[in-house]
Structure formats: C-alpha cells, structure tokens
Amino acid sequence: MFRAAVRLSVSGVRSLTRTQPRCQAVLASRCYSHGKQETDEEFDARWITYFNKPDIDAWELRKGMNTLIGYDLVPEPKILEAALRACRRLNDLASAIRILEAVKDKAGPHKDIYPYVIQELRPTLDELGISTPEELGIDKA
C-alpha cells in the first residue's frame, strides 16, 4: 500500500513538473556596434591629429604607433608623415626607422605597397633627413 502511494505521488509530481512551463534561459546575442562607423577619412584625420599634437612625448608616439600597427591595415602615407614629423620633433631617429620597418613588415607579401609608401614619403624623408632602412643597410637580417 505504501509502495503504491509513493508511486502515485512520484508520478503525480512528474506530471506536474511536465505540465508547468520550464524556465528557459535567454539566448545571448552579441551587439557588436551600435555607434557610427568611422570613415577612412575620419580615421586618417584622427591619427594625423594624434601625431600632430605639439606636446606629444616619446611614450605617446610609441603607443600610437603600436596601436596603429596593430590594426589590420598598412597606414596611409599622410599618417606616416605625421608620425615621422613627430619623431623629428622628439629628435628620435630610432623610432622613425622603426616606423619604416614596421610598415615594410605590415606590407608583408605585397611587394608593391612598401615602395609606394616610400615614394610618397620621399619628400618628407629628405626634408627631415631620415634615411630608410635600405639606405642604412639594416634591412638585411
């Protein structure tokens, strides 16, 4: 008798739990960007403004270049020109050469990008007295 009562109570509890709606977890959805998309011109202007700051210091220069090189792109020559001018204001030739090396590295297997960048930067390099890694002979490693 006791066994029958337990069976009925267990099956009754099961039927009650089955008929009640189960609590379902809300599926997580990712909302990547609700903000305004930055255009290429705005991106370039932001970085040019960053490197043209008159009070930029060596740490800010390196931080900016590390962030810029971290993006999946090769920076435009006008951004690099602003960065090289910041190097000149700081009297930091080593950083200027590192910038050119980083651009060559970012160009990767696309052999036509780096010569184009150097061609576009040539007047600035000559004006600032900055030699390329190839001119210094340090590109062979």
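Above this text sits the structure in question.
Here the structure is a predicted model, which is why all the values come from computation and not from measurement.

Draft legend 1. Just the overall build of the chain, in detail. Helix and strand counts for the chain come out as seven helices and zero strands. Put simply, the chain runs from its N terminus to its C terminus through helices and strands in the order α-α-α-α-α-α-α. Residue burial in the chain is summarised as follows: out of 141 residues, 26% are buried. Intrachain contacts of the chain at a sequence separation of at least 6 include 60% that bridge at least 24 residues. Looking at the chain as shown, the accessible area adds up to about 10,400 Å², and 55% of this sits on carbon and sulfur atoms.

Draft legend 2. Geometry of the pattern of salt bridges. By the definition in use, this model includes nine salt bridges. Ionic pairing is found between K53 and E60, a salt bridge with its closest N-O pair at 3.2 Å. On the basis of relative accessibility, which here comes to 25%, the residue K53 falls in the partly exposed class. Note on E60: relative accessible area 22%, which makes it partly exposed. Beyond isolated ion pairs, a larger network of salt bridges with shared partners links E81, R85 and E127.

Draft legend 3. Region of interest: helix α6 (residues 113-128). The end-to-end C-alpha distance of α6 is 22 Å, a good match for the 22 Å that 16 residues give at a rise of 1.5 Å each. Residue L121 marks the point of greatest curvature in α6, where the axis turns by about 55°; the proline P123 follows within four residues. Every buried residue belonging to α6 is among Y114, V117, I118, L121, T124, L125 and L128, and all of these are buried. Those residues of α6 hidden inside the fold are in contact with α4 (77-89), α5 (93-107) and α7 (133-136).

Draft legend 4. Spotlight on the side chain of T132. Examined against the element boundaries, T132 turns out to sit in the loop between α6 and α7. When its relative accessible area of 3% is taken as the criterion, T132 is described as buried. Excluding its chain neighbours within four sequence positions, the residues that come into contact with T132 are L100, Y114, I118, R122 and L125.

Here is what the cut-offs are and how they apply
- Residues numbered from 1 in each chain as written.
- Predicted model: local features only at pLDDT ≥ 70, side-chain atom pairs only at ≥ 80, totals over all residues.
- Heavy atoms only, no water.
- Helix = DSSP H or I, 4+ residues; strand = E, 2+ residues; numbered from the N terminus.
- Buried < 20%, exposed > 50% of the residue type's maximum accessible area, 1.4 Å probe, protein only.
- Contact = heavy atoms within 4.5 Å.
- Areas by Shrake-Rupley, 256 points an atom, 1.4 Å probe, with all protein chains shown as cover.
- Salt bridge = Lys/Arg side-chain N within 4 Å of Asp/Glu carboxyl O.
- Expected span 1.5 Å × (residues − 1).
- Bend = angle between axes of the 7 residues up to and from the residue.

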